[in-house]
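# Geometric and topological summary
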Amino acid sequence: MSDSFDTGVVPSIEKDTNTSALSLDSAKNTAVNTANAVQNHPITQNITNGPVATNVKDQTAKTQSELSSLAASRTTPGAPAATGQQLTHYHSFFTRLLSWEHPRASGIAFASVVAFIFAARYLNILRYGLKLTSWTLGATVLAEAAGKAAFGKGLITQIRPRKYYTIPKDSIDRLTGDITELINFFVIESQRIIFAENVFASAAAFLGAFISYYLIKIVPFWGLTLLSTSLVFLTPLIYKTNKEVIDAQIANVSSIVNQQTEQVKQLASHHAARATETTKAYASDYSAKAQEIIGNARGRSSSPSVEKKKPAYKSEDFPAAPKEGFKSESLHENEPLIST
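Cut-offs and rules
Residues numbered from 1 in each chain as written. Predicted model: local features only at pLDDT ≥ 70, side-chain atom pairs only at ≥ 80, totals over all residues. Heavy atoms only, no water. Helix = DSSP H or I, 4+ residues; strand = E, 2+ residues; numbered from the N terminus. Buried < 20%, exposed > 50% of the residue type's maximum accessible area, 1.4 Å probe, protein only. Contact = heavy atoms within 4.5 Å. Areas by Shrake-Rupley, 256 points an atom, 1.4 Å probe, with all protein chains shown as cover. Core = buried A, V, L, I, M, F, W, Y, C linked by side-chain atoms within 4.5 Å. Axes fitted to C-alpha atoms, helices over the stretch in contact; angles between N-to-C directions. Parallel < 35°, antiparallel > 145°, perpendicular 65-115°, else oblique. Nonpolar A, V, L, I, M, F, W, Y, C, P; charged D, E, K, R; others polar. Patch = residues over 30% accessible without salt bridge, like charges linked within 9 Å, V, L, I, M, F, W, Y side chains within 5 Å. Salt bridge = Lys/Arg side-chain N within 4 Å of Asp/Glu carboxyl O. pLDDT = per-residue confidence, 0-100. Expected span 1.5 Å × (residues − 1). Polar contact = N/O pair within 3.5 Å; in protein donor to acceptor, adjacent residues only side chain to side chain. Phe/Tyr/Trp six-rings, centres within 6.5 Å; stacked < 30°, edge-to-face > 60°. Lys NZ or Arg CZ within 6 Å of the ring centre and 35° of its normal.

### Examining the overall build of the chain
A tally of helices and strands in the chain yields eleven helices and zero strands. Counting helices and strands in the order they occur from the N terminus, the chain gives α-α-α-α-α-α-α-α-α-α-α. Out of the 340 residues belonging to the chain, those deemed buried represent 11%. Nonlocal contacts in the chain, meaning residues at least 24 apart in sequence, comprise 52% of its contacts between residues at least 6 apart. Carbon and sulfur atoms form 63% of the exposed surface of the chain, whose accessible area is close to 28700 Å².

### A word on the nonpolar core
Membership of the largest hydrophobic core is limited to twelve residues, which are L70, Y90, F93, L97, W100, A105, F110, V114, I117, F185, L226 and F233. Among the secondary structure elements, those contributing two or more residues to this core are α4 (89–98), α5 (103–122) and α10 (221–241). At four residues, the largest contribution of residues to this core is made by α5. Beyond its immediate sequence surroundings of up to four residues, L97 is in contact with L70, A105, S106, A109 and F233.

### Quick word on the packing of α4 against helix α8 (residues 169–194)
The interhelical angle for the contact between α4 and α8, taken along N-to-C directions, is 75°, at an axis separation of 8 Å. Here α4 lies roughly perpendicular to α8, going by the angle between them. Where α4 abuts α8, its residues H89, Y90, H91 and F94 lie against D178, E181, L182, F185, I188, E189 and R192. Looking at the contact of α4 with α8 residue by residue, the classes come out as five nonpolar, two polar and four charged.

### Quick look at a nonpolar patch on the surface
Among the surface-exposed residues, F116, F118, Y122, L123, I125 and Y128 lie close enough to one another that they form a single nonpolar patch of about 660 Å² accessible area. Counting only elements with at least two residues in the nonpolar patch, the list comes to α5 and α6 (125–151). Counting residues per element, the nonpolar patch draws most heavily on α5, which supplies three residues.

### Some thoughts on the packing of α5 against α10
Two numbers describe how α5 lies on α10: the axes approach to 10 Å, and their chain directions differ by 175°. It follows that α5 is roughly antiparallel to α10 by the angle criterion. Along the contact surface, α5 presents S106, A109, F110, V113, V114, I117, F118, R121 and Y122, while α10 presents W222, T225, L226, T229, S230, F233 and L234. Its residues assigned to classes, the contact of α5 with α10 comprises eleven nonpolar, four polar and one charged.

### Topic: the confidence of the model for the chain
Of the residues in the chain, 74% reach a pLDDT of 70 or more, and the chain-wide mean stands at 79. Under a pLDDT of 50 for its full length, residues 1–17 has, in the predicted model, one contact with residues more than four places off or in other chains.

### Focus: α5
When the terminal C-alpha atoms of α5 are compared, their 28 Å separation across 20 residues agrees well with the 28 Å that a helix rising 1.5 Å per residue should span. Taken residue by residue, α5 has A105, S106, F110, V114, I117 and A119 as its buried positions.

### With respect to the side chain of H91
Here H91 lies in helix α4. Residue classification places H91 among the buried positions, given a relative accessible area of 7%. If we ignore the near neighbours within four places in the chain, the residues touching H91 are P77, F185, I188, E189 and R192.

### Section: the side chain of S230
With respect to the helices and strands, S230 occurs in helix α10. Among the polar contacts made by the side chain of S230, one reaches the main-chain carbonyl oxygen of L226 at a distance of 2.9 Å.

### Describing the pattern of salt bridges
For the structure on display, the rule yields seven salt bridges. The partner of R104 in a salt bridge is E66, with the nearest N and O atoms 2.9 Å apart. Placement of the pair is R104 in helix α5 and E66 in helix α3 (residues 51–72), with a sequence separation of 38 residues. The salt bridge partner of D173 is K169, with a shortest N-O separation of 3.2 Å. Separated by four residues within a single helix, D173 and K169 lie in helix α8, roughly one turn from each other. Look at K169 and you get exposed, because its relative accessible area is 62%.

### What to know about α8
Across its 26 residues, α8 extends 38 Å between first and last C-alpha, which sits within 8% of the 38 Å expected from 1.5 Å per residue. Backbone geometry just downstream of α8 places A196 in the positive-phi region, at approximately 55°.

### A short note on the environment of L155
Structurally, the position occupied by L155 is in helix α7 (residues 155–158). It is 9.7 Å that separates the C-alpha atoms of L155 and V141, two residues lying 14 residues apart in sequence. Apart from the residues lying within four places of it in its own chain, the contact partners of L155 are A143, E144 and G147.

### A look at the packing of aromatic side chains
The geometry of an aromatic ring pair is captured by the separation of the ring centres together with the interplanar angle, meaning the angle of the planes. All told, the structure shown has 13 aromatic pairs when counted by the stated rule. Aromatic side chains F94 and F185 sit 4.8 Å apart centroid to centroid with 20° between the ring planes, which places their arrangement in the stacked category. Of this pair, F94 sits in helix α4 while F185 sits in helix α8, and the two are 91 residues apart along the sequence. On the basis of relative accessible area, F185 is assigned to the buried category, the value being 11%. Judged by centre distance (6.4 Å) and plane angle (55°), the ring pair of F94 and F186 falls under tilted. Of the two residues, F94 sits in helix α4 while F186 sits in helix α8, which places them 92 residues apart along the sequence. Relative accessible area serves as the criterion here: at 48%, F186 is assigned to the partly exposed category. In this structure, R121 is placed above the aromatic ring of Y122, and the distance from its NZ or CZ to the ring centre is 4.9 Å.

The structure is reproduced here in structure tokens:
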């Protein structure tokens, strides 16, 4: 009885196991066939291999190529500064970036800066960063505690790497060198603007600072930053797309300015010549008068002396002075001195 029971139970278990294996294989095959059918379907092929997908792939490849070319353009320029010192490799980088030689890379950089300005304005990045950090740490602590409580081994411990990631020293040196070059780029450019190495750049910086001084009173800082970024990126793009028209207008304005300058020079030279002639005439007149006055003075000093006038009366017209002494007469003793 038991033998028959045992022999009856074992085949049933093997049959269930085989059935489960067959059903699992069948499900796998069905899933694979379904995935292949979806992948080989005309609609899927049209989406993945159609013109839209091809265009997306081409644009992605071109964008990656331009980004690589822009990153490789960080070379030290051959032309030094006015002082003779070499410029940084970020001068070439920013020159190509702002001149839109690589349109996709420049567009991505401009969009990234604008997005960062809006994010800093409307998003509390620090708060969300702290919130994300707290959630991450809470999830890891909870998963580790739950794993140790349920399985005797933490879940985070099982996915922990065998060796923690470290930054190689060469990478740190390259990063430090790039940061140093970037800082020196701004330091050198600020000095070149202050000391007017490029007059047009210094004039543009002066105009920007002057306008910003008044705009900062009515425009918030983030708005002024957005406006400055737009001007820095879009002004070269507008010039590049309308170069012929702008160059023609600049040449016309330069011609008018040169003509007016030439007329002013001619007018100034004419008035200067007339002023010189008038000055010479006045100088000659005053010189002649001075010589005449000096000549008259010399003539008077060299003329003969005036003869002395003879007196109108002669000595014979006066009586001769007495030569004998005066004789005093004796007075009578009884005669009083004063008659009464």
